[in-house]
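# Secondary and tertiary structure notes
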Amino acid sequence: MPPLPIETRLRTELADLACQGLARRRRLLQSPCGPQAEVEGRKMLAFASNDYLGLAAHPALAEAMAEGALRWGAGSGASHLVSGHLAPHAALEQRLAEFTGFPRALTFSTGYLANLAVSPTLAPGRDDAIFADKLNHASLIDAARLSRARHHRYPHNDMAALARLLAASDARTKVIVSDTVFSMDGDLAPLPELFELAERFDAWLVVDDAHGFGVLGPHGEGSLAHCRLPAHPRVILMGTLGKAAGVGGAFVAGSEIAIDYLLQKARSYIFTTAQPPAVATALMKSLELIAAGDDRRAHLQALIRQLQEALSGLPWQLLPSATAIQPLLVGDNEAALALSQALWEQGLWVVAIRPPTVPAGSARLRISLSAAHRPEDVARLAEALRGLA
Ligand SMILES: *Cc1c(COP(=O)(O)O)cnc(C)c1O
């Protein structure tokens, strides 16, 4: 068949992406998620997933999921408000609320959907305003786009700029939205200062703890606990369950009234099928392992320190990060891609992150550590990078 005329624009844009070194590709994984990965027929050492605690392929979670499926079936059959809210979902909500210290939680099938539920529902109208960090995750940006509210984006972690924007706003409802741990930088938002501004300007504080939940806090409760922030009624916590928790899905936790409001009004909660109940039974097991996971977290911290020491003095800088996300700044798109490719040829899988995921000129390798890595794994990566410098 000859190409359709309507395909011409797509073809041109795809060719442009390829020219700029921005074309993306998927690697086919032929083993479960883990450091020792079989990828496209090759044995690789992977530093690529968000499985920070090494739970994604944990047999106890797979068992809990299998048992859950045998007991509750494969699917939930409907959205939560129709007939798809099963006992495992309710148990998971309750456990998540207890674990995070909030009165109540709602579960979602993905973090993307959870973020779409929060800010557009709290701040839907033209007389509302959303204040967002410029480096917030794409799903938070898309959430703001679903709302008619004014969308103010402040420079990364710039609390003075945020304070000025809040002071100048006469919005009916103000919502401050921030990642806790920034997904491509690994640094932390100044949560106490964000909370103080939310108090001062009577705003909601919505935090996305995708990369903090399970990893930070005394027992993995997340970034709020790490910063000793209380489960205050003006705070709404979103956490994902497909990263450190190793399964999939997400939750939003908050006050009784905030959560009830989301349940009644959030379109991405209402108009989507509830996650399979076996996902919830697997997550119950995961929360147990997270709470009892101090050894995993201590091991992860030791690997982070080891990597930072081993990579000092290289031509590329590690961005300052105390989390499992350790980005090595390269700058140029092609150079980042070439470095990733050179590592690949040595059996090391580290993903290059390029615009538009990160700002132009800041392409990087996103080295992602997991409690499933061994010190030898980190040493091997550091040695390979030194050899390529
Ligand atoms: C991964 C991620 C999400 C999306 O969560 P999914 O469950 O993968 O849809 C949202 N926010 C941040 C910061 C993330 O890193």
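For the structure itself, look to the data block above.
Scope of this entry: the structure provided in the associated data block. (Residues numbered from 1 in each chain as written. Predicted model: local features only at pLDDT ≥ 70, side-chain atom pairs only at ≥ 80, totals over all residues. Heavy atoms only, no water.)

## Examining the layout of surface pockets
Threshold: Buriedness of a pocket was judged along seven lines, with at least five required to meet protein on both sides within 12 Å; pockets are open sets of points on a 1 Å grid over the protein atoms alone, cavities are sets where a 1.4 Å probe fits but cannot get out, and lining residues have an atom within 4 Å of a point. Grid points are joined across faces, edges and corners, and a volume is the space filled by probe spheres set on the points. Numbering of helices and strands starts at the N terminus; helices are DSSP runs of H or I of at least 4 residues and strands are runs of E of at least 2. Gly is placed with the polar residues, together with every amino acid not listed as nonpolar (Ala, Val, Leu, Ile, Met, Phe, Trp, Tyr, Cys and Pro) or charged (Asp, Glu, Lys and Arg). Marked domain ranges trace back to an automatic or database domain assignment.
Quantified by volume, the largest pocket comes out at close to 1200 Å³. Those elements that place two or more of their residues in the lining of the largest pocket are α6 (138-145), α14 (333-345), β12 (348-349) and β13 (351-353). Looking at the lining of the largest pocket, its residues break down into 20 nonpolar, ten polar and twelve charged. Both domains that meet at the lining of the largest pocket, namely domain 1 (24-53 + 294-388) and domain 2 (59-291), each give it at least three residues.

## Details of the pattern of salt bridges
Note the cut-off: The salt bridge definition used is simple: a Lys or Arg side-chain nitrogen within 4 Å of an Asp or Glu carboxyl oxygen.
Summed over the entire model, instances satisfying the criterion amount to 18 salt bridges. In this structure, Arg 364 engages Asp 185 in a salt bridge whose closest nitrogen and oxygen atoms are separated by 3.2 Å. Highlighted residues: Arg 364 in strand β14 (residues 363-368) and Asp 185 in the loop between β6 (174-179) and α8 (191-200), separated in sequence by 179 residues. Note that Glu 288 is salt-bridged to Lys 285, the shortest N-O span being 3.2 Å. Remark: Lys 285 and Glu 288 occur in helix α12 (residues 277-291); sequence separation between them is three residues, near one turn of the helix.

## Details of the site of the ligand
Operational definition: We call a residue near a given molecule or strand whenever any one of its heavy atoms falls within 4 Å of it. For this analysis, a polar contact is any N or O atom pair within 3.5 Å, provided that within protein one partner can donate a hydrogen and the other can accept it, and provided that sequence-adjacent residues contribute only side-chain to side-chain pairs.
Residues in contact with the ligand amount to 13 residues; listed here are only the nearest, Gly 111, Tyr 112, Asp 208, His 211 and Lys 243. Tyr 112 places a main-chain nitrogen or oxygen 2.9 Å from an oxygen atom of the ligand. Among the elements that take part in the shell around the ligand, helix α5 (residues 111-122) stands out by supplying three residues, more than any other.

## Points about the sheet that holds strand β10 (residues 317-318)
As a reminder, the rule being used: Criterion used throughout: strands pair if DSSP finds at least two bridges between them. Whether two residues are in contact is decided by their heavy atoms: any pair within 4.5 Å suffices. Structural elements are reduced to axes, namely lines fitted to C-alpha atoms, with helices fitted over the stretch in contact, and the angle between N-to-C directions of any two is expressed from 0 to 180 degrees.
Across the sheet, four strands lie side by side as β10-β11-β14-β13; this open sheet has antiparallel pairing. Two strands in the sheet have a free side with no partner beyond their single neighbour: β10 and β13. Note: strand β11 (residues 325-331) against β14, six bridges, orientation antiparallel. Following the sheet pairing, Gln 326 is matched in β14 by Ile 367. Where helix α13 (residues 294-310) meets the sheet, its contacts fall on β10, β11 and β14, and the angle it forms with β11 comes to roughly 25 degrees. The strands touched by α14 within the sheet are β11, β13 and β14, with β14 carrying the most contacts at an inclination of about 35 degrees.

## Focus on the side chain of Ser 223
One can find Ser 223 in helix α9 (residues 223-226). At 3.3 Å, the side chain of Ser 223 forms a polar contact with the side chain of Thr 180. Here Ser 223 is in contact with Thr 180, Val 181, Leu 188, Leu 191, Asp 209, Gly 212 and Leu 216, once residues within four sequence places are set aside.

## Digging into the sheet that holds strand β5 (residues 150-154)
Read across the open sheet, the seven strands follow the order β3-β9-β8-β7-β6-β4-β5; overall the sheet is mixed. Of all strands in the sheet, those bounded by a partner on one side alone are β3 (104-108) and β5. Taken over all neighbouring pairs, the strand axes of this sheet differ in orientation by 20 degrees on average, direction set aside. Direction of pairing for strand β8 (residues 235-240) relative to strand β9 (residues 250-254): antiparallel, over a ladder of four bridges. Across the sheet, residue Met 238 finds its bridge partner in β9, namely Val 252. The sheet strands contacting helix α4 (residues 87-100) are β3, β8 and β9, and the helix crosses β3 at an angle near 125 degrees. Running over the sheet, helix α10 (residues 256-265) touches β3, β7 (204-208), β8 and β9 and is turned about 30 degrees from β3.

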